[in-house]
Amino acid sequence: MGLLDQIGKTLSQVTDRAKFEAEKFQKTTRLQLEINELRRQVDLKLMELGQRAYDLQRAGHIHAPSLAELSLAIDQLRATLVAREEELKQAQSEVFVEPTPTTPPPATSPTAQSVPISEAPSPTPAAGSKICGQCGFVMPSHAIFCPSCGTRVG
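Quick caveat, the model's predicted, so the values are computed rather than measured.

Parameters at a glance
Residues numbered from 1 in each chain as written. Predicted model: local features only at pLDDT ≥ 70, side-chain atom pairs only at ≥ 80, totals over all residues. Heavy atoms only, no water. Salt bridge = Lys/Arg side-chain N within 4 Å of Asp/Glu carboxyl O. Helix = DSSP H or I, 4+ residues; strand = E, 2+ residues; numbered from the N terminus. Buried < 20%, exposed > 50% of the residue type's maximum accessible area, 1.4 Å probe, protein only. Expected span 1.5 Å × (residues − 1). Contact = heavy atoms within 4.5 Å.

Engineer: Pulling in residues and values, what's your account of the pattern of salt bridges?
Structural biologist: Counting across every chain of the model gives seven salt bridges. The salt bridge partner of E37 is R40, with a shortest N-O separation of 2.8 Å. With E37 and R40 both in helix 1 (residues 3-58) and three residues apart, this pair spans about one turn of that helix. Exposure remark for E37: the relative accessible area of 31% places this residue in the partly exposed category. Between R52 and E48 there is a salt bridge, with the nearest N and O atoms lying 2.6 Å from each other. Note that R52 and E48 are positioned in helix 1 at a spacing of four residues, about one turn of the helix. Take R52: its relative accessible area is 53%, and that puts it in the exposed class. Among the ionic contacts, a cluster of salt bridges with common partners joins K45, E48 and R52.

Given below as structure tokens:
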């Protein structure tokens, strides 16, 4: 048997194997989908049966202690559900309120006299400096914000 015959036989086996695996995958996928659909249908019928039993028990047509317990548990869960839904609506309707800015009191040192700024003698800025109109801090003339109180000065 020549090399080409051996390669041809190997390719044929690989092709047969790939075909088998593809068909197997299709078959198992189709069966799994059918099984899942049947389970979904069973679940729907059980839910329908449960709803009918619940309705009959609530109407007084069925008197079974186990159904009464389940009905009570369902009623409690529904009440909790309604309360949580209301909490959710309230939480979703909350709006952020911007805090009103407060002006910080003038900075005073522990040894400073308690003299109102309007009555205090105004400091004379040195060359190359300026005074903050808010707190009276002497700062460099190129400053845009007061380093003491943060007020924009430039």
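Engineer: Can you explain helix 1? Please cite residues and give values.
Structural biologist: Its 56 residues give helix 1 an end-to-end C-alpha distance of 81 Å, which sits within 8% of 82 Å, the value for a rise of 1.5 Å per residue. Considered for burial, the residues of helix 1 that qualify are A53, Y54 and Q57. Looking at the buried positions of helix 1, the neighbouring elements they touch are helix 2 (65-93).

Nothing here speaks to function; it is geometry throughout.
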